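Residue-level structure breakdown
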Amino acid sequence: MVAADEVKNIFPNMVKRFRPEKADGIDATILFDLSGDNGGMFWLKISSGSIEHGEGEISQPAMTLKASADDWYAVSTGQQNAMQAFMTGKLKIVGDMSLAMKLQMIFAQ
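Residues numbered from 1 in each chain as written. Predicted model: local features only at pLDDT ≥ 70, side-chain atom pairs only at ≥ 80, totals over all residues. Heavy atoms only, no water.

1. Quick notes on helix H2 (residues 69-76)
As a reminder of what qualifies: For every residue, the accessible area obtained with a 1.4 Å probe (protein chains only) is divided by the maximum for its type, and the residue is called buried under 20%, exposed over 50%, and partly exposed between those limits. What counts as a helix is a DSSP run of H or I of at least four residues, what counts as a strand is a run of E of at least two, and both are numbered from the N terminus. The contact definition used throughout considers only heavy atoms, calling two residues in contact when any of these lie within 4.5 Å.
Judged by how many residues are buried, H2 sits mostly within the fold: 7 of 8 residues are covered. Of the positions making up H2, those classed as buried are Ala69, Asp71, Trp72, Tyr73, Ala74, Val75 and Ser76. Considering only its buried residues, H2 is in contact with helix H1 (4-17), strand E1 (28-35), strand E4 (63-68), helix H3 (82-87) and strand E5 (91-95).

Below, the structure is given as structure tokens:
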């Protein structure tokens, strides 16, 4: 099991990997609802080519990604393919599916 601090560090790292040129026209908040002892609620807000992150619940996200913290850590660190995790039910998307499809291009590997 991945440590809670490692899970929390995913989001600042995503901010560092953010590619604003690939996020043109995106104005959305994404909620990450991660289950397990090392999980929690985290969010990313993309607007006008910028990004910010935070912890906790946020109202009316455009998309919510639900997964175990361990599964999301594996996907976000390249240990597991995101599409495969989605197809096997390890990742669930609620809301804007087109936004979910854009996530891989918005963040550099």
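2. Topic: H1
The condition that has to hold: Expected helix span is computed as 1.5 Å times (number of residues minus one). Here the bend at each residue means the angle between axes fitted to two seven-residue stretches, the one ending at that residue and the one beginning there.
Here H1 spans 21 Å end to end across 14 residues, near enough to the 20 Å set by a 1.5 Å rise per residue. The largest bend along H1 measures about 25° and falls at isoleucine 10, with the proline proline 12 one to four residues further on. Those residues of H1 that are buried are in contact with E1, strand E2 (40-47), strand E3 (50-55) and H2.

3. Concerning the side chain of asparagine 38
Spelled out, the test is: Polar contacts, as used here, are pairs of N or O atoms within 3.5 Å; protein pairs need one atom able to donate a hydrogen and one able to accept it. Residues neighboring in sequence count only if both atoms are side-chain atoms.
Looking at the secondary structure, you find asparagine 38 in the loop between E1 and E2. Within the structure, the side chain of asparagine 38 is placed 2.6 Å from the backbone oxygen of valine 2, a separation counted as a polar contact. For asparagine 38, the side chain forms a polar contact with the side chain of aspartate 70, separated by 2.8 Å. Sequence-distant contacts of asparagine 38, defined by excluding residues within four places in its chain, comprise Met1, Val2, Ala3, Ala4, Val7, Ala69 and Asp70.

4. Side note on the pairing of E4
To keep things clear, this is the line we draw: DSSP calls a pair of strands paired once it identifies at least 2 bridges connecting them.
Note that E1 and E4 share 6 bridges and pair parallel. Considered in E4, the bridge of leucine 34 is made with alanine 67. Pairing of E4 with E5 involves 5 bridges; the strand directions are antiparallel. Counterpart to methionine 63 in the pairing with E5 is glycine 95.

5. What to know about the confidence of the model for the chain
Stated formally: Per residue, pLDDT measures the predictor's confidence, with a range of 0 to 100.
For the chain, the average pLDDT comes to 95, and 100% of its residues sit at 70 or higher. Averaged pLDDT values for the elements of the chain fall to 91 in helix H4 (residues 97-106) and rise to 98 in E4.

6. Observations regarding the pattern of salt bridges
Our working definition: Here a salt bridge means any side-chain nitrogen of Lys or Arg lying within 4 Å of a carboxyl oxygen belonging to Asp or Glu.
Under the counting rule described, the total for this entry stands at 2 salt bridges. Among the salt bridges present, the one from lysine 8 reaches glutamate 55, with a minimum N-O distance of 3.8 Å. Separated by 47 residues along the polypeptide, lysine 8 in helix H1 and glutamate 55 in strand E3 bring together distant segments of the chain. We classify glutamate 55 as exposed; its relative accessible area is 52%. Two residues, glutamate 21 and arginine 19, come together in a salt bridge whose shortest N-O distance is 3.7 Å.

7. Quick word on the sheet that holds E5
Threshold: The angle between two axes is taken between their N-to-C directions and runs from 0 to 180 degrees, where each axis is a line fitted to C-alpha atoms and a helix contributes only its stretch in contact.
Strand order in the open sheet formed by 5 strands is E3-E2-E1-E4-E5, with mixed pairing between adjacent strands. A strand with exactly one partner marks an edge of an open sheet, and here the two such strands are E3 and E5. Strand after strand, the sheet turns through a mean of 20° between neighbouring axes, direction not considered. Two elements, E1 and E2, share 7 bridges in a ladder whose sense is antiparallel. Considered in E2, the bridge of alanine 28 is made with isoleucine 46. Together, E1, E2 and E3 form the strand contacts of H1, whose direction differs from that of E2 by roughly 5°.

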